Amino acid sequence: MKKLMLCLAVLAAMFGGVARAQDISGNWQGTLKVGKDLRIIFNLYKGDKDGWSAKMYSIDQTKQAIPVNSVTRQGSDIKMTVDMIGGSFAGKLSEDGKTITGTWTQATQPFPLTLVRATPETAWDIPIAPEPEKPMAADADPSFDVATIKPNPSGGSRLQGIFPKGRHLMIVNGSLQDMIVFAFSLQLKQVVGAPEWTANDRYDVDAVPDQPGTPSLEQMRNMLRKLLVERFKLTIHHEKREMSAYLLTVGKTGQKLTPSQIKGTLPGFGASPGTGGLTLHLVNGTMGDFTSFLQMLVLDKPVVDQTGITGRFDNNITFTPDQTQFNGQPPKLPPADVPDAPDLFTAIQQQLGLKLAAEKIAVDVIVIDHVEKPSPN
């Protein structure tokens with residue numbers, strides 16, 4: 001009887017240990033060494049259908065939680081993907097269930113990362129994110145209250161970014177043509193009659209609206225249009241012209257878009273080296289945002305959305321760019337990376353379930369009647 005009780009006790013301990021090891025819920029923290037130390041926290045919790053979900057925190061960089069798109073576990077192997085920043089983690093859970101030793105990969109660069117299960121005594125404080133700014137009233141017609149326009153002396157020939165920063169609209173190393181393309185949601189070929197300096201002269205812009213709340217993307221564009229009139233003395237007229245364009249439609253297999261986990265009205269875009277190619281990141285974007293991004297920065301023709309798809313999505317596309325894209329200057333991939341990703345058109349079909357095809361169609365163009373270099377601040 002004593003032997004039987006002993007065996008049962010051993011079995012209970014064994015199976016109890018397995019059950020505890022399988023429970024990976026809680027905070028896991030580790031330091032990522034990427035030139036400087038970045039403290040990373042993954043909060044793992046039970047998701048739908050007995051799967052796992054997570055949130056990521058980079059507490060030395062931002063107070064905002066970063067959505068984790070997937071968490072998979074096979075035995076002691078644990079993998080997580082973070083599409084918003086083009087990152088992923090793959091590691092192995094220790095037998096005692098206290099550490100996950102693995103690798104963080106971002107922009108194809110691997111970095112060792114060991115995550116340790118946090119205890120009440122060792123847990124790092126997760127910063128409290130500020131309450132998000134309330135959106136600007138949908139019927140508001142704002143202008144910029146304060147706007148600085150300064151020449152960019154870097155000598156760079158490419159736009160570094162047009163992006164919201166809080167209530168500010170920031171433009172870094174942007175030409176007037178970049179601003180026009182963004183303000184009117186056009187492709188460069190839809191801008192006619194622009195003097196040469198509008199492509200060559202580069203500016204940094206920091207502008208704040210005159211009404212409370214965070215403006216929508218269209219409100220930002222409208223404010224920029226007003227700024228171009230006020231500071232660049234821009235006058236234009238619209239015409240319809242037939243030209244080659246790309247039509248975006250739903251493919252035969254149906255769309256494969258991932259609904260966004262972000263709450264808000266502003267989209268995010270980015271690009272980084274991906275496995276075997278370049279990865280485009282779409283965060284909280286509509287199909288209209290996606291086509292605007294493609295025609296403004298990637299493709300050499302206008303892109304017309306004919307999908308009929310509504311909603312906001314988080315998606316990545318990994319492809320091998322060619323010399324017709326990114327205005328003939330596609331981002332360089334790491335020397336060690338062998339491009340084997342499909343071309344953009346195949347990638348959109350395979351990874352998003354959409355189809356991009358060239359066709360002649362009448363599109364809107366703006367003809368520049370008058371423009372001047374900007375007035376000083």
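Below, the structure is looked at part by part.

Criteria and cut-off values
Residues numbered from 1 in each chain as written. Predicted model: local features only at pLDDT ≥ 70, side-chain atom pairs only at ≥ 80, totals over all residues. Heavy atoms only, no water. Pairing = 2+ DSSP bridges. Helix = DSSP H or I, 4+ residues; strand = E, 2+ residues; numbered from the N terminus. Contact = heavy atoms within 4.5 Å. Axes fitted to C-alpha atoms, helices over the stretch in contact; angles between N-to-C directions. Buried < 20%, exposed > 50% of the residue type's maximum accessible area, 1.4 Å probe, protein only. Polar contact = N/O pair within 3.5 Å; in protein donor to acceptor, adjacent residues only side chain to side chain. Phe/Tyr/Trp six-rings, centres within 6.5 Å; stacked < 30°, edge-to-face > 60°. Expected span 1.5 Å × (residues − 1). Salt bridge = Lys/Arg side-chain N within 4 Å of Asp/Glu carboxyl O. 1 Å grid on protein atoms, 1.4 Å probe; cavity = no way out; pocket = protein on both sides within 12 Å on 5 of 7 lines; lining within 4 Å. Points joined across faces, edges and corners; volume = space filled by probe spheres on them. Nonpolar A, V, L, I, M, F, W, Y, C, P; charged D, E, K, R; others polar. Core = buried A, V, L, I, M, F, W, Y, C linked by side-chain atoms within 4.5 Å.

1. Quick notes on the sheet that holds strand E13 (residues 191-192)
Here's step 1: Spatial strand order, E13-E20-E15-E18: four strands in an open sheet with mixed pairing. The open sheet has two free edges, formed respectively by E13 and strand E18 (303-305), since each of these has just one partner strand.
Here's step 2: In this sheet, strand E20 (residues 354-370) lies alongside E13 in parallel orientation, the contact comprising two bridges. Considered in E20, the bridge of valine 191 is made with isoleucine 366.
Here's step 3: Against the sheet, helix H2 (residues 176-184) contacts E13, strand E15 (235-250) and E20, and its axis sits at roughly 115 degrees relative to E20.

2. Observations concerning the sheet that holds strand E14 (residues 203-209)
Here's step 1: Read across the sheet, four strands follow the order E10-E14-E12-E11 without closing on themselves; strand pairing throughout is antiparallel. Unpaired on one side and paired on the other, strand E10 (144-151) and strand E11 (161-165) mark the two borders of the sheet. Each strand axis lies, on average, 10 degrees off the axis of its neighbour in the sheet, ignoring direction.
Here's step 2: The sheet contact formed by E11 and strand E12 (residues 168-174) spans five bridges and is antiparallel. Within E12, the position partnered with lysine 165 by the bridge is histidine 168.
Here's step 3: Relative to E12, H2 is tilted by about 140 degrees, and along the sheet it contacts E11, E12 and E14.

3. Observations regarding the side chain of asparagine 315
Here's step 1: Along the chain, the position of asparagine 315 falls in strand E19 (residues 313-319).
Here's step 2: Overall, asparagine 315 belongs to the buried group, its relative accessible area being 9%.
Here's step 3: A polar side-chain atom of asparagine 315 sits 3.0 Å from the main-chain amide nitrogen of threonine 258.
Here's step 4: If sequence neighbours within four positions are ignored, asparagine 315 has contacts with Lys256, Leu257, Thr258, Leu280, His281, Leu282 and Leu352.

4. A short note on the packing of aromatic side chains
In this description, a pair of aromatic rings is defined by centroid distance and the angle of the planes.
Here's step 1: Enumeration over the complete set of coordinates arrives at five aromatic pairs.
Here's step 2: Seen from their ring centres, tyrosine 203 and phenylalanine 232 are 5.8 Å apart, and the 85 degrees between their planes marks the pair as edge-to-face. On the criterion of sequence distance, the pair formed by tyrosine 203 in strand E14 and phenylalanine 232 in helix H4 (residues 217-232) is long-range, its members being 29 residues apart.
Here's step 3: Residue class for tyrosine 203 comes out buried when judged on its relative accessible area of 5%.

5. Some remarks on the pairing of strand E3 (residues 52-58)
Here's step 1: Of all seven residues making up E3, five are buried, and the element is well covered by its neighbours.
Here's step 2: When strand E2 (residues 37-46) meets E3, the two strands line up antiparallel, connected through seven bridges. Looking at E3, one finds that asparagine 43 is bridged to lysine 55.
Here's step 3: The sheet contact formed by E3 and strand E4 (residues 66-67) spans two bridges and is antiparallel. The partner of methionine 56 across the bridge, within E4, is isoleucine 66.

6. Regarding H4
Here's step 1: An ideal rise of 1.5 Å per residue puts 22 Å on 16 residues; H4 measures up with 21 Å between its terminal C-alpha atoms.
Here's step 2: Lysine 233 sits one or two positions beyond H4 and adopts a positive phi of about 55 degrees.

7. Points about the pattern of salt bridges
Here's step 1: For the coordinates displayed, the defined rule picks out 10 salt bridges.
Here's step 2: Here aspartate 37 ties to lysine 33 by a salt bridge, and the two come within 3.2 Å at their closest N and O atoms.
Here's step 3: In this structure, aspartate 300 engages lysine 301 in a salt bridge whose closest nitrogen and oxygen atoms are separated by 3.7 Å.
Here's step 4: With a relative accessible area of 18%, lysine 301 lands in the buried category.

8. So, empty space enclosed by the protein
Here's step 1: The full count for this structure, using the stated rule, is two cavities of 30 Å³ or more.
Here's step 2: Looking at the largest cavity, its volume works out to about 70 Å³.
Here's step 3: In terms of lining, the largest cavity is formed by Pro67, Asn69, Asp83, Met84, Gln261, Ile262, His281, Leu282, Val283, Asp314, Asn315 and Asn316.
Here's step 4: Mapped onto the lining of the largest cavity, the elements with two or more residues apiece are strand E17 (277-285) and E19.
Here's step 5: A breakdown of the residues in the lining of the largest cavity according to their chemical character gives five nonpolar, five polar and two charged.
Here's step 6: Approximately 40 Å³ is the volume attributed to the second largest cavity.
Here's step 7: Lining the second largest cavity, in full, are Leu257, Leu282, Met287, Phe290, Asn315, Ile317 and Leu352.
Here's step 8: Those elements that provide at least two residues to the lining of the second largest cavity are helix H5 (287-298) and E19.

9. Points about the nonpolar core
Here's step 1: If you look at the biggest cluster of nonpolar residues, it comprises 32 residues, and the most contacted ones within it are Met179, Ile180, Leu224, Leu228 and Phe232.
Here's step 2: Broken down by secondary-structure element, the contributors of at least two residues to this core are E10, E12, H2, E14, H4 and E20.
Here's step 3: The contact partners of leucine 228, leaving out residues within four places of it in the chain, are Leu176, Met179, Ile180, Ala183, Lys233 and Leu234.
Here's step 4: The next biggest cluster of nonpolar side chains, apart from the first, holds 24 residues, and it includes Leu280, Leu282, Met287 and Leu294.

10. Points about the environment of glycine 51
Here's step 1: Among the structural elements, glycine 51 can be located in the loop between E2 and E3.
Here's step 2: Judged by its relative accessible area of 24%, glycine 51 falls in the partly exposed class.
Here's step 3: Distance from glycine 51 to serine 260, taken between C-alpha atoms, is 19 Å for residues 209 residues apart in sequence.
Here's step 4: Setting aside chain neighbours within four positions, we find glycine 51 in contact with Tyr45 and Lys46.

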